[in-house]
Amino acid sequence: MTKPNTPAARGPFAFWTGMQLWKQIFIALVAGLIIGVLLNQTGNADIAKSVKPLGDLFIRGIKMLIVPLIFVSLVTGVASLQNLSTMGRLSLKTVVLYLGTTAVAITIGLALAVVFEPGVGVDLGSAKAVAAKEAPSLVNILIGIVPTNPIEAFATGNVLQIIVFAILFGLSITLAGDAAKPVRVFFESAAEVIYKLTSVVISFAPYGVFALMIWVAGTYGMDVLAPLAKVIAMVYLGCLVHAVVVYGGMIRVLARLNPVRYFQGCIEPVMVAFTSTSSSGTLPVSMMAAERNLGVPRSVSSFVLPLGATINMDGTALYQGVCAVFIAQAYGVDLNSGQYLTIVLTATLASIGTAGVPGAGLIMLSLVLASVGLPLEGIAIIAGIDRILDMARTALNVAGDTAVSVTVARSEGQLDQAVYDTAHVLRADDLSPTGVAPAPETARAAS
C-alpha cells in the first residue's frame, strides 16, 4: 500500500521536505554564507572548519557514484542505440559544441581583462616561485584515453578511460545481438538501482551545501577578497555573461527552446557545483536534473554529461583568460595579438586533459602562462583566491554540460518537450530514502 504524500503524512517538517530541491539548496547556500561570514568576522573560524566534515561526507557520497553511474548508464545508453551512425553524430556534435564554447569563454575572459585592467596597480614583487608544468601533447592525450587496464581506470577514477571502455562495451552488446540480451537486461537493471541510489544521495545536498558554505565563508571571510576584488569581479561577471549570452543563445537559436526554462532546470547542479568545486563530483546531480527537469533522455545524458565533466572547461578557460592578462598587466608585460591567439588555443586544447577536480585550474593556468612566456610566479597570488574563483568557474562548467546535453538531445529529436516546458518537478521528498520518485507523466500532472 502506498503511503499518502500529504503534509500530515510527511510530519512536522512538511514545509521543508515538500519544498522543491533547488529552493532547499539555495536557502542552505545563503544561510551558510551568512553564518560563515559572521563566524569569520567574530574570530570563530575554527567553528566554521569544524562543520566541514559534514560537507566532505556529502561530497564523498556523490563521488562514490561517479564511476558506477558513468559506466552502467553509458553502457545502457550506447547499447540502446541500434544505429551506430547515431553514436557518431552524438560524438561529433558534443565535442564541437564543447570545444567551441570553451574558445568563446576564454575570449570573453581576455576581453574583460583587457577592458577593465584588473592587474594595473597590483604589485607582484613578493610572489613566490612556482614550478612550471609540462603540457601533455595531443598525441599522448589521445593515446591515454584508451585504458590498458579497465579495472585500474575504475580504481583511479579516470573518467575519459571509463567513458571509452563503456562506449566500446555498449557497442559490443549491440553487435552481439540476441546472445548479449541477458547482459543488456542486467545493465538496465543496474542503471535503475544506481539512479535510485543517486536520488538518495542527492536528497542530502542542502545539508552538504550548508556545511561547505559555512566552511568557505568562515575560512576566507572578506579580507582575502579585498586586494583582488577586481579579478574576482571579472571572473564572476565573465561567467554570468557567458552563461546568459552563449548558453542562453545556444538554447534559443540552436535548440529553439525557452532559455529561462533551461536556467531553471539546471539550477540544482549549478549550486552543488558552486559549493563543491568539482565538475565530476556534480555529475550525478547533473544527470538527474537533465532527465527530470529538462527532458534529456538517458541515451543522450549518459554520454554527453560524463564527457562534459571531463573536457568541457568553459569556466576554467574564462578564468585563465582573466588571470593571464591580470598577471601580464601586474608585471608590465604587453601582450600582442599572436600571444592572445596562443592563449585561446592553449586553453582550449588543455581543457581536454583537465580533470574535473578542485584546483586543476591552477595547473592549466601554468601551461597557459608558459605558452606566452609570462612569469609563473604570478600564480602564487592567484592561488590565494583560487577557491573563490573555482566556485564560479565550476558552476559555469556544469551549466555548459547541461546546455550541450539539451541542445544535442533536441537536435536528435529525443528531447521530451513536455518535461522541458514543465516547471520544476524535483522535490526533496521525491528523493528521500523511503520516497519513490514519480514518473514524468505523474509529475507533470501534479505540477
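Everything quoted here is computed from the prediction, not taken from an experiment.

Draft legend 1. Fine view of the overall build of the protein. Counting secondary structure elements, the protein contains 23 helices and zero strands. Taking the contacts inside the protein whose residues are at least 6 apart along the sequence as the reference set, 84% of them involve residues at least 24 apart. Accessible area for the protein stands at about 18,800 Å²; split by element, carbon and sulfur atoms hold 68% of it.

Draft legend 2. Spatial organisation of a nonpolar patch on the surface. On the surface, V114, V115, F116, L237, L240, V241, V244 and V245 cluster together into a nonpolar patch covering about 670 Å² of accessible area. Secondary structure elements with two or more residues in the nonpolar patch: helix 6 (84-116) and helix 12 (229-254). For the nonpolar patch, the element with the most residues is helix 12, which contributes five residues. When you line up the elements, V241 lands in helix 12. On the accessibility criterion, V241 (32% relative accessible area) is partly exposed.

Draft legend 3. Molecular detail of the packing of aromatic side chains. As enumerated under the stated definition, the model contains ten aromatic pairs in all. Centroid distance F186 to F187: 5.3 Å. Interplanar angle 80°. Geometry classified as edge-to-face. Note on F187: relative accessible area 8%, which makes it buried. When the ring centre of Y319 is taken as origin, the NZ or CZ atom of R393, which lies over that ring, is 4.0 Å away.

Draft legend 4. Just the pattern of salt bridges, in detail. The tally for this structure, following the rule as stated, stands at six salt bridges. Across the pair R89 and E412 runs a salt bridge, and its minimum N-O distance is 2.7 Å. On the criterion of sequence distance, the pair formed by R89 in helix 6 and E412 in the loop between helix 21 (386-411) and helix 22 (417-421) is long-range, its members being 323 residues apart. Since its relative accessible area comes to 36%, R89 is described here as partly exposed.

Draft legend 5. Looking closely at the packing of helix 5 (residues 52-79) against helix 16 (residues 298-311). Axis separation between helix 5 and helix 16 bottoms out at 8 Å; the angle between their running directions is 130°. Taken together, the axes of helix 5 and helix 16 are oblique relative to one another. Where helix 5 crosses over helix 16, the handedness of that crossing is left-handed. Where helix 5 abuts helix 16, its residues I70, S73, L74 and G77 lie against S299, S302, F303 and P306. Across the contact of helix 5 with helix 16, the residue classes break down as four nonpolar, four polar and no charged.

Draft legend 6. Just the environment of T348, in detail. For T348, the location among the structural elements is in helix 18 (residues 337-350). The class of T348 is buried, set by a relative accessible area of 11%.

Draft legend 7. Molecular detail of the nonpolar core. Core analysis: the largest hydrophobic core is formed by 118 residues, its most contacted members being Y247, Y262 and L389. The element contributing the most residues to this core is helix 5, with 14 residues.

Draft legend 8. Seen up close, the packing of helix 5 against helix 9 (residues 159-176). At their nearest, the axes of helix 5 and helix 9 sit 8 Å apart, and the two run at 30° to each other. When you trace helix 5 past helix 9, the crossing you get is right-handed. Contacts between helix 5 and helix 9 pair V67, I70, F71, L74, V75, V78 and A79 from the former with V159, I162, I163, F165, A166, I167, F169, G170, L171, I173 and T174 from the latter. Taken together, the residues of the contact of helix 5 with helix 9 break down into 16 nonpolar, two polar and no charged.

Draft legend 9. A look at helix 21. Across its 26 residues, helix 21 extends 37 Å between first and last C-alpha, which sits within 8% of the 38 Å expected from 1.5 Å per residue. Positive backbone phi, approximately 70°, marks G413, located one or two places after helix 21.

Draft legend 10. Looking closely at unusual backbone geometry. Here E117, not a glycine, exhibits a phi torsion of approximately 50°, which is positive. With respect to the helices and strands, the residue E117 is situated in the loop between helix 6 and helix 7 (138-144). Taking the relative accessible area as the measure of exposure, E117 reaches 39% and is therefore partly exposed. Of note in this structure, R256 is not a glycine but carries a positive phi near 55°. Relative to the helices and strands, R256 resides in the loop between helix 12 and helix 13 (259-265).

Draft legend 11. Representation of the confidence of the model for the protein. Scored by pLDDT, the protein comes out at a mean of 78, with 79% of its residues at no less than 70. Confidence drops under a pLDDT of 50 for residues 125-133, and excluding neighbours within four residues, the segment shows 15 contacts in the predicted structure. In this model, residues 432-447 is a region of pLDDT below 50 whose contacts with residues beyond four sequence positions or in other chains number 21 contacts.

Draft legend 12. Seen up close, the side chain of T394. Structurally, the position occupied by T394 is in helix 21. T394 sits in the buried class, given a relative accessible area of 3%. Beyond its immediate stretch of four places on either side in the chain, T394 contacts A273, T277, S278 and S279.

Quick notes on the rules
- Residues numbered from 1 in each chain as written.
- Predicted model: local features only at pLDDT ≥ 70, side-chain atom pairs only at ≥ 80, totals over all residues.
- Heavy atoms only, no water.
- Helix = DSSP H or I, 4+ residues; strand = E, 2+ residues; numbered from the N terminus.
- Contact = heavy atoms within 4.5 Å.
- Areas by Shrake-Rupley, 256 points an atom, 1.4 Å probe, with all protein chains shown as cover.
- Patch = residues over 30% accessible without salt bridge, like charges linked within 9 Å, V, L, I, M, F, W, Y side chains within 5 Å.
- Salt bridge = Lys/Arg side-chain N within 4 Å of Asp/Glu carboxyl O.
- Buried < 20%, exposed > 50% of the residue type's maximum accessible area, 1.4 Å probe, protein only.
- Phe/Tyr/Trp six-rings, centres within 6.5 Å; stacked < 30°, edge-to-face > 60°.
- Lys NZ or Arg CZ within 6 Å of the ring centre and 35° of its normal.
- Axes fitted to C-alpha atoms, helices over the stretch in contact; angles between N-to-C directions.
- Parallel < 35°, antiparallel > 145°, perpendicular 65-115°, else oblique.
- Left-handed = near helix turned anticlockwise from the far one by under 90°.
- Nonpolar A, V, L, I, M, F, W, Y, C, P; charged D, E, K, R; others polar.
- Core = buried A, V, L, I, M, F, W, Y, C linked by side-chain atoms within 4.5 Å.
- Expected span 1.5 Å × (residues − 1).
- pLDDT = per-residue confidence, 0-100.

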